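# Overview (structure and organization)
Here is how the chains run, residue by residue.
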Amino acid sequence: MLFESQIHDFMMWLPWVRVRREQSALRAIMEQRRRVMSPEDVAGQSELIMAQLEQMSAFKEARTVLLYYPIHNEVDLRPLLTKYAGQKTFLLPVTHRRSMEVRPYDGEDMMRKGRLGVPEPQTQTYTGSIDLIIVPGVAFDHHRHRIGRGGGYYDRFLSKHASVKKIGVCYTFQLKHAIPHSLHDVKMDRVITPQQAIG
């Protein structure tokens, strides 16, 4: 009986392993393609995404927005931090060994590189409500699934904030018809590329 239970557990584990392996392969391809983008392409494509985001009621009405600090040519939404300073409270993620907390952005002079090499605010932990979460990713699909950097930080955080509106942002080449995903991966409410919005 114990042996049969172990076999069952193993068979349930195999699909998860396959999905993670496929995600890792796609992640490597997408990250390599993103890293060779020119600064002009990053800026131009990011501006198109920001223009769409700013027209959405979810962003217009949000008072507290969780943003992210871009690395390796990720979609750069940092102009929003200064454009809406005083109108919205912007939060940025801070990662720990297995978890992620959020802190208010209070200017570049309050930013320091964290454990993953990503600049993080040196302000106090934010524990209030969040109106909107803008989510980075290395790939998304038309069903609003997402592949992140691989640490699982966002999936764990987002699963605890299921009721908060989540918008993924990516370049056109990062949007696929379908990507490998598991039950633990959190779907976006909307995905924005320079040319379109899904959802």
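Residues numbered from 1 in each chain as written. Predicted model: local features only at pLDDT ≥ 70, side-chain atom pairs only at ≥ 80, totals over all residues. Heavy atoms only, no water.

Here we come to the sheet that holds strand β2 (residues 89-95). Taken in spatial order, the seven strands make up an open sheet running β3-β2-β1-β6-β9-β11-β12, and their pairing is mixed. Edge positions in the sheet fall to β3 (100-104) and β12 (197-198), since each has one partner strand and no second. Pairing of strand β1 (residues 64-66) with strand β6 (residues 132-135), which is carried by two bridges, proceeds in the parallel orientation. Its bridge partner lying in β6, Val65 is registered against Leu132. The strands touched by helix α2 (residues 39-55) are β6, β9 (165-169), β11 (190-192) and β12; relative to β11, the strand with the most contacts, the crossing angle is about 145°. (Pairing = 2+ DSSP bridges. Helix = DSSP H or I, 4+ residues; strand = E, 2+ residues; numbered from the N terminus. Contact = heavy atoms within 4.5 Å. Axes fitted to C-alpha atoms, helices over the stretch in contact; angles between N-to-C directions.)

Quick look at the confidence of the model for the protein chain now. When the pLDDT values of the protein chain are averaged, the result is 89; 92% of them are 70 or greater. Scored below 50 in pLDDT, residues 6-14 shows zero contacts in the model against residues more than four places distant or in partner chains. (pLDDT = per-residue confidence, 0-100.)

When you line up the elements, Phe59 lands in helix α3 (residues 57-61). Linking Phe59 and His181, residues 122 residues apart in sequence, is a C-alpha distance of 27 Å. Aside from chain neighbours lying at most four places away, what touches Phe59 is Leu53, Glu54, Leu80, Tyr84, Lys88, Phe90 and Leu132.

With that out of the way, let us pick up the environment of Ala162. With respect to the helices and strands, the residue Ala162 is situated in the loop between α5 (153-159) and β9. Residues Ala162 and Lys187, spaced 25 residues apart in sequence, show a C-alpha to C-alpha distance of 9.7 Å.

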